[in-house]
Amino acid sequence: MDIDDLARRILSGERRALARAITLAESGRSDHRQQAIQLLDRLRGHGRQALRIGLSGTPGVGKSTFIESFGLMLTGQGLKVAVLAVDPSSARSGGSILGDKTRMEHLARDRNAFIRPSPSQSHLGGVARRTREAIDLCEAAGFDVVLIETVGVGQSETVVAEMSDLFLLLLAPAGGDELQGVKRGIMEMADIILVNKADGELKSAAMRTCADYAGALRLLRKRPQDPKGFPKAMTVSALEEQGLETAWTEMQSLAEWRRDNSHFDARRAAQSRYWFEAELRQAILARLEREPIKGMVDALGLQVENGEQTPGQAAERVLAQLEGRGPIP
């Protein structure tokens, strides 16, 4: 593969080259991994910067409908939008449906949009391990906004926050009592909470839910990266396309304030450090899957199951082998 040619085609905005590069980054083959690293190095310093928006919410809240309506609104304003939709993988087969393009058929046909579904695999937070690199590739290809749709909600959504500039939490009306609003794990990471489906019979319920969460947000400790009034809760209707422009104005306002107050670049620098350490942990864990360590782990695992060794003793023997300290009796 000609890495220099692929990099040139990505920088010129060629969609097929971008898709090929993301496939390369997601590959588990060691030779593909080296090529992906070379490609990302070639693209480093291209000077392009997209607004990275992470989006999460429970199944059925309308994430795909929101992304399609929101994305079409942005492309209608002349912006180029990339959607990295992470699809949950089966714990049994490891497979994924990858049906996001089907759910976003109108956006998928838009010339200024690029939708890439990826399997979550086993990565914490439902974010594909190489999603961060896919974001870098989309930026290099000249996209203005990158939307990262994630699987589920919970403490593990920290992973999403570590690869996005803004983190949106999408909620459904009347999804629970007011105490749901003070569950701090996800609330402390959200920059904007959007209560979707604020239309028809659910509109009044959406307004009440929004008020509940707005009150809950006021109880949280002030974050240094937030201007006055943030984080905030808002209502939207992806189906009727209401509230989307107001939400986009608030996102731009927040991003601009963070840029002007030196939070934007500082956050990205901290994220780069986070991903370096995450990459290092992944590489160390990968060594456990290769011989001779894998065989040693399997053998020690059987001994632990049979009560011949404690988990701590077995782990120490593996660590000694990794560090070259020799066998431990």
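Scroll up for the structure.
Here the structure is a predicted model, which means the values were calculated and not measured.

Peer 1: Help me out: how do you make sense of the overall build of the chain in this one?
Peer 2: Tallying secondary structure elements over the chain gives 14 helices and 7 strands in all. The buried share among the 329 residues of the chain stands at 45%. Pairs at least 24 apart in sequence give 75% of the contacts found in the chain among residues at least 6 apart. Element-wise, carbon and sulfur atoms account for 51% of the exposed surface of the chain, whose accessible area totals about 17000 Å².

Peer 1: Whenever I open this one, the side chain of Asp 191 confuses me. Can you help?
Peer 2: Topologically, Asp 191 is positioned in the loop between α9 (184-187) and β6 (192-195). A distance of 2.8 Å separates a polar atom in the side chain of Asp 191 from the backbone nitrogen of Phe 167. A distance of 2.8 Å separates a polar atom in the side chain of Asp 191 from a polar atom in the side chain of Arg 223. Once residues lying within four places of it in the same chain are set aside, the contact partners of Asp 191 are Asp 165, Leu 166, Phe 167, Arg 223, Asp 226, Phe 230, Pro 231, Lys 232, Leu 254 and Arg 258.

Peer 1: Teacher, can you tell me more about a nonpolar patch on the surface here?
Peer 2: Together, Phe 276, Leu 280 and Ile 284 make up an exposed nonpolar region whose accessible area comes to about 310 Å². Residue placement: Leu 280 occurs in helix α12 (residues 263-287). What makes Leu 280 partly exposed here is its relative accessible area of 46%.

Peer 1: Would you mind showing me how to read helix α13 (residues 293-305) here?
Peer 2: Residues spaced three or four apart along an α-helix face the same direction, because each turn holds 3.6 residues. Taking 1.5 Å per residue as the helical rise, α13 with its 13 residues ought to reach 18 Å, and the 18 Å between its terminal C-alpha atoms agrees with that figure. Every buried residue belonging to α13 is among Ile 293, Met 296 and Leu 300, and all of these are buried. Seen from one end, α13 has its buried residues packed into an arc of 60°, which puts them on one side. For α13, the secondary structure elements touched by its buried residues are α12 and α14 (311-323). Positive phi shows up at Gly 307, right after α13, with a value of about 75°.

Peer 1: For this particular structure, what's the right way to read the pairing of strand β5 (residues 166-171)?
Peer 2: Most of β5 sits inside the fold, with 6 of its 6 residues counted as buried. Burial of the side chains of β5 extends over both faces: Leu 166, Leu 168 and Leu 170 are buried on one face and Phe 167, Leu 169 and Leu 171 on the other. Two strands pair when backbone bridges link them, and strand β1 (residues 51-57) and β5 are joined in this way by 5 bridges, in the parallel orientation. In the strand pairing of β5, Gly 54 is matched with Phe 167. Sheet analysis places β5 next to β6, joined by 4 bridges and oriented parallel. Residue Leu 171 lies in a different strand from β6, and its bridge partner there is Val 195.

Peer 1: Any chance you could explain the pattern of salt bridges here in plain terms?
Peer 2: Two side chains bearing opposite charge may form a pair once their charged atoms approach each other closely. Scanning the model with the defined rule gives 26 salt bridges in all. Close ionic contact of Arg 9 with Asp 5 constitutes a salt bridge, the shortest N to O distance being 3.6 Å. Of this pair, Arg 9 and Asp 5 both sit in helix α1 (residues 3-11), 4 residues apart, which is roughly one turn of the helix. On the basis of relative accessible area, Arg 9 is assigned to the buried category, the value being 16%. Between Glu 139 and Arg 268 there is a salt bridge, with its nearest N and O atoms 3.1 Å apart. With Glu 139 in helix α7 (residues 131-140) and Arg 268 in helix α12, this residue pair connects regions lying 129 residues apart in the sequence. Each member of the pair, Glu 139 as well as Arg 268, carries the same accessibility label: buried. By sharing partners, the salt bridges in this structure join Arg 33, Arg 130, Arg 132, Glu 133 and Glu 279 into a single network.

Peer 1: Help me out: how do you make sense of the packing of α1 against helix α3 (residues 30-43) in this one?
Peer 2: Pairs of packed helices are described in terms of their axes, by the angle between the two and the distance that separates them. Put simply, α1 and α3 touch, their axes get as near as 9 Å, and they point 50° apart. Here α1 lies oblique to α3, going by the angle between them. Relative to α3, the crossing made by α1 is right-handed. Across from Ile 3, Asp 4, Leu 6, Ala 7, Ile 10 and Leu 11 in α1, the residues of α3 making contact are Gln 35, Gln 38, Leu 39, Arg 42 and Leu 43. In terms of residue class, the contact of α1 with α3 is made up of 7 nonpolar, 2 polar and 2 charged.

Conventions we followed
- Residues numbered from 1 in each chain as written.
- Predicted model: local features only at pLDDT ≥ 70, side-chain atom pairs only at ≥ 80, totals over all residues.
- Heavy atoms only, no water.
- Helix = DSSP H or I, 4+ residues; strand = E, 2+ residues; numbered from the N terminus.
- Buried < 20%, exposed > 50% of the residue type's maximum accessible area, 1.4 Å probe, protein only.
- Contact = heavy atoms within 4.5 Å.
- Areas by Shrake-Rupley, 256 points an atom, 1.4 Å probe, with all protein chains shown as cover.
- Polar contact = N/O pair within 3.5 Å; in protein donor to acceptor, adjacent residues only side chain to side chain.
- Patch = residues over 30% accessible without salt bridge, like charges linked within 9 Å, V, L, I, M, F, W, Y side chains within 5 Å.
- Salt bridge = Lys/Arg side-chain N within 4 Å of Asp/Glu carboxyl O.
- Expected span 1.5 Å × (residues − 1).
- Arc of directions from axis to C-beta.
- Pairing = 2+ DSSP bridges.
- Axes fitted to C-alpha atoms, helices over the stretch in contact; angles between N-to-C directions.
- Parallel < 35°, antiparallel > 145°, perpendicular 65-115°, else oblique.
- Left-handed = near helix turned anticlockwise from the far one by under 90°.
- Nonpolar A, V, L, I, M, F, W, Y, C, P; charged D, E, K, R; others polar.

Scope: geometric values only; no functional claims are made or implied.
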